[in-house]
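Residue-level listing of the chains:
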Amino acid sequence: MKLNRLLSVFLALIICCGILAASKNQFKKERFSLTAYNFGSLGKLVPMQQLTTLHEAGYCGIILNSQTKQDTLNIDTFIVESRKFANFSVHAVMVRYNFDDAQRENWKLIVNKIANMHIELWIIFGKKMNGITDRFIEEKLREVVRYSAKKQVKVILYPHSLCYIASAEAALPFVEKINNPNLKLAVHLCHEIRAGNGSRMDAVFENVRKYIGAVTLAGTDSVADFSKPSNMDKSTIKPIGEGNFNMHHFIQPLKKSGYKGNIGFINFKIEENPAEYLNSSIQNWNDLLKNAK
């Protein structure tokens, strides 16, 4: 009798563990889950409020900014607090290497903070300056990749409008030449729109598909408004579902590219109520994915 009870308990435990494992694996395998940056109105909340807002809306992670000293100090807090949420993590930390900035080598501090934590380093090279050449970018990027590899940190080369590398195709030659498995590039819808590539996203994805390590998007218009800086942002970074760009022209080549990771939602300077626009954005994104052919 006791043996039968023990067997029953043992079988029940096996079944429960199997269900949990299946659930966990299902989460890990889910394609195109949304993460979001801690920009705009969301970034004005304290770390725990940011994490709670994102988790409750259904996002699977956060991408951290490191622009200010306080941003860098907050990284440790975000990492610790994020562990309190199931199926949620700090996905990446974004750094900007501005050539005239005395603090430009602080990327090493960031790498040390996120070492061995499965958190990516996303690096932007800043505005062009006299004396800065492709050779300099290549050598610096090699240094970043070597140092990060020792710390088990993946590096994503981050194209950014009005900077030295402004699009995914402009990033491609550097990634190809360095040819290191620890280095990939990002495809950002807003920056591709600004680079004039909105109508050729299929070609962009096809050309860089072997090296895609990150993909981000936001609601956007088909053509960026460059009349002034604020209009450039407003025309290309909106809650998902807003703007006149046909998002299927982004989703279809994304699916064909073979990329299987998370998708980052850029919310730069979106000042609406964060709970409201984050909820509407993730709902619109899920609807777009369901309706995409």
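Owing to the predicted nature of the structure, the values given are computational and were not obtained by experimental measurement. Position numbers for residues count from 1 along each chain, tracking the sequence in the order it is written. Note on the predicted model: pLDDT of at least 70 is required for a residue's local features to be given, and 80 or more for side-chain atom pairs to be given and counted; whole-chain, interface and lining totals, by contrast, use all residues. No hydrogens and no water enter the side-chain calculation; it runs on all heavy atoms of the structure.

Further remarks concern the overall build of the protein chain. Regarding its fold elements, the protein chain presents 11 helices and 8 strands. Burial classification: accessible surface area is computed with a 1.4 Å probe over protein chains only, and a residue below 20% of its type maximum counts as buried, one above 50% as exposed, and the rest as partly exposed. When burial is assessed residue by residue, the protein chain has 49% of its 293 residues classed as buried. The contacts of the protein chain with a sequence gap of at least 6 include a subset with a gap of at least 24, amounting to 78%. Think of it this way: any DSSP run of H or I at least four residues long counts as a helix, any run of E at least two long counts as a strand, and we number them from the N terminus. Contact definition: two residues touch when any of their heavy atoms are within 4.5 Å.

Mapping valine 208 onto the fold places it in helix 8 (residues 201-208). Taking relative accessible area as the criterion, valine 208 reaches 0% and is therefore assigned buried. Taking the C-alpha atoms as reference, valine 208 lies 9.9 Å from alanine 170; in sequence the two are 38 residues apart. When sequence neighbours within four positions are dropped, the list of residues in contact with valine 208 reads Ala168, Glu169, Leu172, Leu185 and Val187.

Okay, the pairing of strand 3 (residues 89-97) next. Judged by how many residues are buried, strand 3 sits mostly within the fold: 7 of 9 residues are covered. Here a strand pair is declared whenever DSSP counts at least two bridges between the two strands. Summarising the sheet, strand 2 (residues 61-65) and strand 3 pair through 5 bridges and their orientation is parallel. Within strand 3, the residue paired with isoleucine 63 across the bridge is alanine 92. Taking the sense of rotation as the criterion, the β-α-β connection linking strand 2, helix 3 (residues 69-82) and strand 3 turns out right-handed. Both strand 3 and strand 4 (residues 120-125) contribute to a ladder of 6 bridges, which runs parallel. Looking at strand 4, one finds that tyrosine 97 is bridged to phenylalanine 125. Here, the term right-handed applies to a crossover whose path from the first strand over the helix to the second runs clockwise when the strands point away from the viewer.

Spatial ordering of the closed barrel is given by 1-2-3-4-5-6-7-8, a layout of 8 strands whose pairing is parallel. Ignoring which end each strand starts from, the neighbouring axes of this sheet average 30 degrees apart. Only the stretch in contact is used when a helix axis is fitted, and all axes are lines through C-alpha atoms; the angle between N-to-C directions ranges over 0 to 180 degrees. In the packing of helix 4 (residues 107-114) onto the sheet, contacts are made with strand 3 and strand 4, and the angle to strand 3 comes to roughly 170 degrees. Helix 10 (residues 248-257) contacts strand 7 (212-217) and strand 8 (263-265) of the sheet and is inclined by roughly 165 degrees relative to strand 7.

Where empty space is left can be seen by rolling a probe of water-molecule size over the atoms. The pocket and cavity definitions rest on a 1 Å grid over protein atoms only: a 1.4 Å probe that fits but cannot leave marks a cavity, an open set with protein on both sides within 12 Å along at least five of seven lines marks a pocket, and residues lining either have an atom within 4 Å of a point. Grid points are joined across faces, edges and corners, and a volume is the space filled by probe spheres set on the points. Roughly 910 Å³ of internal volume is contained in the second largest pocket. Elements supplying a minimum of two residues to the lining of the second largest pocket: helix 3, strand 3, helix 4, helix 7 (189-194) and helix 9 (229-236). Under the convention adopted here, Pro, Cys and the residues Ala, Val, Leu, Ile, Met, Phe, Trp and Tyr are nonpolar, Asp, Glu, Lys and Arg are charged, and Gly plus all remaining residues are polar. The residue makeup of the lining of the second largest pocket, split by class, is 19 nonpolar, 11 polar and 8 charged.

Between helix 6 (residues 168-178) and helix 8, the least distance of the axes is 10 Å, while the angle of their chain directions is 10 degrees. On the basis of their axis angle, the class for helix 6 and helix 8 is roughly parallel. When helix 6 is examined against helix 8, the residues Ala168, Glu169 and Leu172 are found in contact with a partner set consisting of Ala203, Val204, Asn207 and Val208. Looking at the contact of helix 6 with helix 8 residue by residue, the class counts come to 5 nonpolar, 1 polar and 1 charged. Should an angle fall under 35 degrees it is called roughly parallel, over 145 degrees roughly antiparallel, and 65 to 115 degrees roughly perpendicular, with every other angle called oblique.

Looking at helix 10, one finds that the buried residues are Phe250, Ile251, Pro253, Leu254 and Ser257. Lining the buried residues of helix 10 we find helix 7, helix 8, strand 7, strand 8 and helix 11 (274-291). Positive backbone phi, approximately 90 degrees, marks glycine 258, located one or two places after helix 10.

With a phi angle near 60 degrees, glutamine 152 is a residue other than glycine that sits in the positive phi range. As for its placement among the helices and strands, glutamine 152 is situated in the loop between helix 5 (134-150) and strand 5 (155-157). With relative accessibility at 54%, the residue glutamine 152 sits in the exposed group. Phi at asparagine 179 is positive, roughly 50 degrees, even though this residue is not glycine. Examined against the element boundaries, asparagine 179 turns out to sit in the loop between helix 6 and strand 6 (183-188).

The quantity known as pLDDT measures the predictor's confidence residue by residue, on a range of 0 to 100. With 89% of its residues at a pLDDT of 70 or more, the protein chain shows a mean pLDDT of 92. In this model residues 9-29 is a low-confidence stretch, pLDDT under 50, and it forms 2 contacts with partners more than four residues away in sequence or in other chains.

A separate point is the pairing of strand 6. Across the 6 residues of strand 6, 5 count as buried, placing the element largely inside the fold. Relative to strand 6, strand 5 is paired through 3 bridges, and the arrangement is parallel. Residue pairing for strand 6: leucine 157 is matched across the bridge by leucine 185. Taking the sense of rotation as the criterion, the β-α-β connection linking strand 5, helix 6 and strand 6 turns out right-handed.

We now examine helix 5. One full turn of an α-helix is made of 3.6 residues, so residues set three or four places apart face in the same direction. Multiplying 1.5 Å by the helix residue count minus one yields the expected span of that helix. Its 17 residues place the ends of helix 5 25 Å apart at the C-alpha level, agreeing with the 24 Å of an ideal helix rising 1.5 Å per residue. Of the residues making up helix 5, those classed as buried are Ile137, Glu138, Lys140, Leu141, Val144, Val145 and Ser148. Of the residues trailing helix 5, glutamine 152 is marked for its positive phi of about 60 degrees.

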